[in-house]
Amino acid sequence: MTPLLLVLTGLVALVAGVAVLRTFGPRYRVGRLLATTPRVSLDEALAIAAAGRRRYVRVDGRIDSEEDFEDADHRPLVFRRTRLEARNGSGWQAFEDRRERVAFQVNEGLSSITVDDAALDAGLVVVPRESVGVASDLGDRVPAEMPSATPVRARIEQVSSVEHAVVLGVPVADAGEPRMTAGLGRPLVLTTLEPAEAMRVLTGGRTTRPRVAAVLLGVGVVLAAAGVAWGFLAWARVLA
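A brief look at the structure comes next. Just so we're clear, the structure is a prediction, and the values are computed from it rather than from any experiment.

## A closer look at the environment of A103
Okay, so step 1: Summarising the element assignment, A103 is placed in the loop between β4 (91–101) and β5 (104–108).
Okay, so step 2: Separated by 15 residues in the primary sequence, A103 and A118 place their C-alpha atoms 9.3 Å from one another.
Okay, so step 3: In contact with A103, other than residues within four places in its own chain, are S65, E67 and D117.

## Describing helix α3 (residues 42–51)
Okay, so step 1: Along α3, the residues that are buried comprise L42, A45, I48 and A49. Looking down the long axis of α3, one finds its buried residues gathered within 115° of arc, a one-sided arrangement. Exposed and facing more than 90 degrees away from the buried side of α3 are A50 and A51.
Okay, so step 2: At its buried positions, α3 is contacted by β1 (57–64), β5, β6 (111–115), β10 (164–174) and β11 (177–181).
Okay, so step 3: Just downstream of α3 lies G52, where phi reads positive at about 75°.

## A short note on the pairing of strand β9 (residues 151–160)
Okay, so step 1: Of all the 10 residues making up β9, eight are buried; the element is thus mostly covered by neighbouring parts of the structure.
Okay, so step 2: Bridge count between strand β3 (residues 76–88) and β9: nine bridges; the pairing is antiparallel. Opposite R80, over in β9, you have Q158 as the bridge partner.
Okay, so step 3: Taken together, the six bridges between strand β8 (residues 129–134) and β9 define a ladder with antiparallel strand orientation. The residue of β9 that forms the bridge with V134 is P151.

## Topic: the nonpolar core
Okay, so step 1: Among the nonpolar cores identified, the biggest contains 25 residues, and V59, V106, V159, V167 and L190 are the most heavily contacted of them.
Okay, so step 2: Secondary-structure elements contributing two or more residues to this core are α3, β1, β3, β5, β6 and β10.
Okay, so step 3: Once residues lying within four places of it in the same chain are set aside, the contact partners of V106 are L42, V59, G61, R62, I63, S111, S112, I113, V115, A165 and V167.
Okay, so step 4: V30, V166, V189 and A198 belong to the second-largest nonpolar core, a separate cluster that totals 13 residues.

Calculation criteria
Residues numbered from 1 in each chain as written. Predicted model: local features only at pLDDT ≥ 70, side-chain atom pairs only at ≥ 80, totals over all residues. Heavy atoms only, no water. Helix = DSSP H or I, 4+ residues; strand = E, 2+ residues; numbered from the N terminus. Contact = heavy atoms within 4.5 Å. Buried < 20%, exposed > 50% of the residue type's maximum accessible area, 1.4 Å probe, protein only. Arc of directions from axis to C-beta. Pairing = 2+ DSSP bridges. Core = buried A, V, L, I, M, F, W, Y, C linked by side-chain atoms within 4.5 Å.

Next comes the structure, spelled out in structure tokens:
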């Protein structure tokens, strides 16, 4: 095996590893952002917004709101997304998507910044509540053409005003009010989970694909580095 072939094999392994990760769709990108986005203090985020600089950063803080609403267990919520989904092949397709939200902020000490709740979508990472049944269980909430035996599920994602949150986004000053929002081609991300648990939610609890991707990426890096080192040594011997 030549150095060039070793490097090419390593590159193929790297590409294959990335391809496996991309099978997770938008969740792969959210996970990558959670792992790599630089963390700043809330005061630094406020300074970025005031200066009009465009930076994608992470802030941590306690959620707070003056307008929260209660769930069935009387927990104060600031955001709830309820999706009704029908089985479509090996996946699920939403036929109803309802959001309830109020203005809320994250606080750190005496500082706070508003979260652009309208921008929350794929970047919301919480433990979902799910219930599964069939279309006939939902009565007239399902499309008329859907067979009554179609598997359906209700998926609820919610954020409480008593939780600690990690928020990724671009700090901006909107009419004098600083807020975290999507920007620079990246989504607004909010999670109330620890990083390891957030990653488990993003992968749907699956471990095989992430492990395969990790092995491919690791092997790719090693082979590519070994090929470059081998080629460099061979080139050095020729010069000598």
